[in-house]
Amino acid sequence: MNIPILMYHSIVDDSYQSVSINSFKKQMIFMKKMGYQTISFKDLNKKNYNKEFILTFDDGYENIFTNAFPILIELGFKATCFIITNKIGHYNEWDINKDYFKKMKLMNRDQINEWLQKGFDVGSHTMDHLDLIKLNYENKNQQIINSKKFFKDVFNIE
């Protein structure tokens, strides 16, 4: 069975590559009214699916925590946020040379801890958000393996 995956980056009203808070809330309310519930990646092989979907956020922007997180809690939804480990609590410097660049803060460790304590998931989005196509095998391996090791060491999660 195919499970829909909805992927977002940023939930904020004033950015070119973001979904507005109001639009995100309407989308989530629509999913709820249609009878959908979220599942995590680790639940994929646990049952027969009817109306489930996976919700993800890339990069770990703080606005996910401040704007999307409360909406998801209110609706009883969960999500996975893919975090850039060396950028936790910092900014999206990887986009600085892009025309649409807007400096945005990333979640800090306390916010990630609260995210996890509420039953949400995190995943690795490398250490530095580098373009893996441009890296040699050893550097790719370091970006991926070390970011996963960080989650094990700091948050005690796989």
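Residues numbered from 1 in each chain as written. Predicted model: local features only at pLDDT ≥ 70, side-chain atom pairs only at ≥ 80, totals over all residues. Heavy atoms only, no water.

## Things to note about the nonpolar core
Nonpolar side chains tend toward joint burial in soluble globular proteins.
Right, on to step 1. In this structure, Phe24, Met28, Phe57, Leu72 and Trp115 are the most contacted members of the largest nonpolar core, which totals 34 residues.
Right, on to step 2. Where this core is concerned, the elements lending two or more residues are helix H1 (21-33), strand S3 (52-59), helix H2 (62-75), strand S4 (80-83), helix H3 (109-117) and helix H4 (137-155).
Right, on to step 3. The contacts of Trp115, once residues within four sequence positions are left out, are Phe57, Ile64, Phe65, Phe69, Ala79, Thr80, Cys81, Met107, Phe120, Asp121 and Val122. (Core = buried A, V, L, I, M, F, W, Y, C linked by side-chain atoms within 4.5 Å. Buried < 20%, exposed > 50% of the residue type's maximum accessible area, 1.4 Å probe, protein only. Helix = DSSP H or I, 4+ residues; strand = E, 2+ residues; numbered from the N terminus. Contact = heavy atoms within 4.5 Å.)

## Points about the layout of surface pockets
Right, on to step 1. Looking at the largest pocket, its volume works out to about 330 Å³.
Right, on to step 2. Around the largest pocket, the lining is made up of 15 residues, and of these Asp121, Val122, Gly123, Ile157 and Glu158 lie nearest the centre.
Right, on to step 3. If you list the elements that add at least two residues to the lining of the largest pocket, you get S4, strand S5 (121-124) and H4.
Right, on to step 4. Among the elements that line the lining of the largest pocket, the one with the most residues is S5, at 4 residues.
Right, on to step 5. Partitioned by chemical class, the residues of the lining of the largest pocket number 7 nonpolar, 3 polar and 5 charged.
Right, on to step 6. Each pocket or cavity is described by its volume, and for the second largest pocket that value is around 180 Å³.
Right, on to step 7. A class-by-class count of the residues in the lining of the second largest pocket yields 5 nonpolar, 7 polar and 4 charged. (1 Å grid on protein atoms, 1.4 Å probe; cavity = no way out; pocket = protein on both sides within 12 Å on 5 of 7 lines; lining within 4 Å. Points joined across faces, edges and corners; volume = space filled by probe spheres on them. Nonpolar A, V, L, I, M, F, W, Y, C, P; charged D, E, K, R; others polar.)

## Some words on the side chain of Glu52
Right, on to step 1. Mapped onto the fold, Glu52 is located in strand S3.
Right, on to step 2. A distance of 2.8 Å separates a polar side-chain atom of Glu52 from the backbone nitrogen of Asn50. (Polar contact = N/O pair within 3.5 Å; in protein donor to acceptor, adjacent residues only side chain to side chain.)

## So, the environment of Ala79
Right, on to step 1. Relative to the elements of secondary structure, Ala79 occurs in the loop between H2 and S4.
Right, on to step 2. A relative accessible area of 4% places Ala79 in the buried class.
Right, on to step 3. Separated by 73 residues in sequence, Ala79 and Leu6 have C-alpha atoms that sit 9.7 Å apart.
Right, on to step 4. Look past the residues within four positions of Ala79 in its chain and what remains in contact with it is Leu55, Phe57, Leu72, Trp115, Phe120 and Asp121.

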